[in-house]
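# Architecture at a glance
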Amino acid sequence: MSPCVQRGYFAGQVVLALILSLAQIVVFTLLGIPYGVLFAVAIGFTTLVPYASALTIVLVSVLLALEDPRTGLEVLAAAISVGQVVDQVIQPRLMGRIVGLLCLVPFLWFLLRGKLSGEMKVKGLCLNILVITQGLMGWYMVKSGLVNVPEVSHYRLAAHLSLAFSVFGLAWWMLLDLDKEQDSPSDHNAVSYRPWAIGFLLLLCAQIAYGAFVSGMKAGYGFNTFPMMGDEWKPDGLFGLSPYWKNFVEDKFSVQFIHRWMGTILILGLLGLGWKAYRSGLLSILQTRRMKWVIGLVSVQFLLGVSTILLIVEYQVSLPVIHQLVALFLFAGLLGFIHSLSPKGLEIGK
Ligand code: HEM
């Protein structure tokens, strides 16, 4: 985490501690708890230290219970309830805003000081619009579920994940634009691999959106075998919905079928592209290194995907989370490779 992000995170935690203290002061005062303000501030600010707040709540409740068990119980219930409201309702919104500010404040700062080129102004503006859209999408996504039912529409989940990848992708591209890494000269004909790499990037984006569909529809639970689905390559019930297009977005096992085979096409395609580009001898040192990263990451991601389908029942959280994280690295890797083949990237070695 960069010092700037660390500061933002810490500032967020302090603001949360303040909000928690104030909320506890109000509740304790209403309940007429002796030394309510003192206890409220102690509980609020110990949230800055892991587990310390829970310990303080227990300590304060026990102390008060020694005087009057009823007051002790009241404080315990009130402190836990207020903590839950702050954790579940306020914290996610606040963190979202901090991320938004982390983007907007530096952008405005550099913009007003005239430090941005025309291109960076446009990209910075797009990045901020994307972050704001992502915030709105997060709110809309939670509205579709998570309140009474811990489920979210798979369309909204896919839109939210795709936006998150877009925010990351644009920020990463801007960073690559600023990268001054030295490189050996590359043959101009290497550019011929760019349209292929862009094509695979589009396929990767579709694969990521389908990953969100699989996750949102819980389509990974069932047919936990690979390469066959059960005893068949294409089980009978698949693609049975009408109209036919619905199978691509509404039928969970058809969606799983698409995700597993699109992943297979992706790995074979990227391995083929890598092999061809490597054998051609046209790539510079930087382009070769970035291409090797793509090959390594897509291989790991494919194996993780297969492991997820085989073992998701046992590892319901850890495997999907790692699978999603490596998808992000792969996305970054492929963008890096495409960037090194772009006119700006090609200039580096000159
Ligand atoms: C190689 C390229 C692949 C990419 C980029 C990719 C990407 C993703 C992404 C982004 C998700 C969403 C994770 C989440 O939101 O929790 C996902 C979910 C999933 N993927 Fe893949 N995947 C790939 C290959 C595969 C393969 C080959 C399989 C199976 C053979 C597979 C099985 C799954 C399963 C079962 C889930 C759902 C996990 C859950 O329930 O949360 N993936 N994938």
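Here the structure is a predicted model, which means the values were calculated and not measured.

## Some remarks on the overall build of the protein chain
Check the secondary structure of the protein chain and you find 11 helices and zero strands. Ordered by position in the sequence, the α and β elements of the protein chain form the string α-α-α-α-α-α-α-α-α-α-α. For the protein chain, with 350 residues in total, the buried portion stands at 28%. Considering only contacts in the protein chain between residues 6 or more positions apart, those separated by 24 or more positions represent 70%.

## Brief notes about unusual backbone geometry
With an omega dihedral of 5 degrees, the bond running from Phe 226 to Pro 227 counts as a cis peptide bond. Mapped onto the secondary structure, Pro 227 falls in the loop between α7 (194–216) and α8 (252–280). Here the residue pair Ser 242 and Pro 243 is connected by a cis peptide bond, since its omega of -5 degrees sits within 30 degrees of zero. Within the element layout of this structure, Pro 243 appears in the loop between α7 and α8. Positive phi outside glycine occurs at Lys 218, with the angle close to 55 degrees. Residue placement: Lys 218 occurs in the loop between α7 and α8.

## What about the nonpolar core?
Core analysis: the largest hydrophobic core is formed by 38 residues, its most contacted members being Phe 331 and Leu 334. Counting residues per element, the ones that place at least two in this core are α6 (154–178), α7, α8, α9 (285–311) and α10 (318–340). The residues contacting Phe 331, other than those within four sequence positions of it, are Phe 165, Gly 169 and Leu 204. Membership of the second largest hydrophobic core comes to 16 residues, among which are Leu 20, Phe 28, Ala 78 and Val 82.

## Digging into the site of the ligand
Around the ligand lies a shell of 28 residues, among which Gly 211, Gly 220, Gly 263, Gly 305 and Pro 320 are the nearest. Residue composition of the shell around the ligand, grouped by class: 16 nonpolar, 11 polar and one charged.

## So, the environment of Trp 196
Tracing the chain through its elements places Trp 196 in helix α7. Owing to 17 C-beta atoms within 10 Å, Trp 196 belongs among the partly exposed residues under this scheme. When the C-alpha atoms of Trp 196 and Leu 270 are compared, they prove to be 9.2 Å apart, with 74 residues separating the residues in sequence.

## Regarding the packing of α8 against α9
For the pair α8 and α9, interaxial distance at closest approach is 10 Å and the crossing angle is 160 degrees. It follows that α8 is roughly antiparallel to α9 by the angle criterion. Crossing angle aside, the handedness with which α8 passes α9 is left-handed. Of the residues in α9, those in contact with Arg 260, Gly 263, Leu 266, Ile 267, Leu 270, Leu 271, Gly 274, Ala 277 and Tyr 278 of α8 are Thr 288, Met 291, Val 294, Ile 295, Val 298, Ser 299, Phe 302, Gly 305 and Ile 309. Here the contact of α8 with α9 is composed, by residue class, of 12 nonpolar, five polar and one charged.

## Re the environment of Leu 330
Assignment of secondary structure puts Leu 330 in helix α10. For Leu 330, a count of 24 C-beta atoms within 10 Å corresponds to the buried category. It is 8.8 Å that separates the C-alpha atoms of Leu 330 and Leu 204, two residues lying 126 residues apart in sequence. Leu 330 has contacts with Leu 204, Leu 297, Val 298 and Gln 301, leaving out every residue within four places of it along the chain.

## Regarding helix α3 (residues 52–67)
The first and last C-alpha atoms of α3 sit 23 Å apart over 16 residues, in line with the 22 Å expected at 1.5 Å per residue. Buried within α3 we find Ser 53, Ile 57, Val 60, Ser 61 and Leu 64. The arc that holds every buried residue of α3, seen down its axis, measures 100 degrees, which confines them to one face. Within α3, the exposed residues directed more than 90 degrees away from the buried face are Leu 55, Val 58, Val 62 and Leu 66.

## Remarks on helix α2 (residues 36–45)
Within α2 the residues assigned to the buried category are Gly 36, Phe 39, Ala 40, Ile 43 and Gly 44. Down the axis, α2 shows its buried residues gathered within 130 degrees of arc, on one side only.

## Quick notes on the environment of Asn 247
Tracing the sequence through the fold places Asn 247 in the loop between α7 and α8. On the neighbour-count criterion, Asn 247 (18 C-beta atoms within 10 Å) is partly exposed. Between the alpha carbons of Asn 247 and Ile 258 there is a distance of 10.0 Å; along the sequence they are 11 residues apart. When sequence neighbours within four positions are dropped, the list of residues in contact with Asn 247 reads Phe 239, Leu 241 and Ser 254.

## Quick word on the packing of α9 against α10
The N-to-C vectors of α9 and α10 enclose an angle of 160 degrees; their axes lie 8 Å apart at closest approach. When the axes of α9 and α10 are compared, the pair comes out roughly antiparallel. Pair α9 / α10 crosses with left-handed handedness. Within the contact of α9 with α10, the residues separate by chemical class into 18 nonpolar, nine polar and one charged.

Cut-off values and rules
Residues numbered from 1 in each chain as written. Predicted model: local features only at pLDDT ≥ 70, side-chain atom pairs only at ≥ 80, totals over all residues. Helix = DSSP H or I, 4+ residues; strand = E, 2+ residues; numbered from the N terminus. Buried ≥ 20, exposed ≤ 12 C-beta atoms within 10 Å, placed from the backbone. Contact = placed C-beta atoms within 7 Å. Core = buried A, V, L, I, M, F, W, Y, C linked by C-beta atoms within 7 Å. Near = placed C-beta within 6 Å. Nonpolar A, V, L, I, M, F, W, Y, C, P; charged D, E, K, R; others polar. Axes fitted to C-alpha atoms, helices over the stretch in contact; angles between N-to-C directions. Parallel < 35°, antiparallel > 145°, perpendicular 65-115°, else oblique. Left-handed = near helix turned anticlockwise from the far one by under 90°. Expected span 1.5 Å × (residues − 1). Arc of directions from axis to C-beta.

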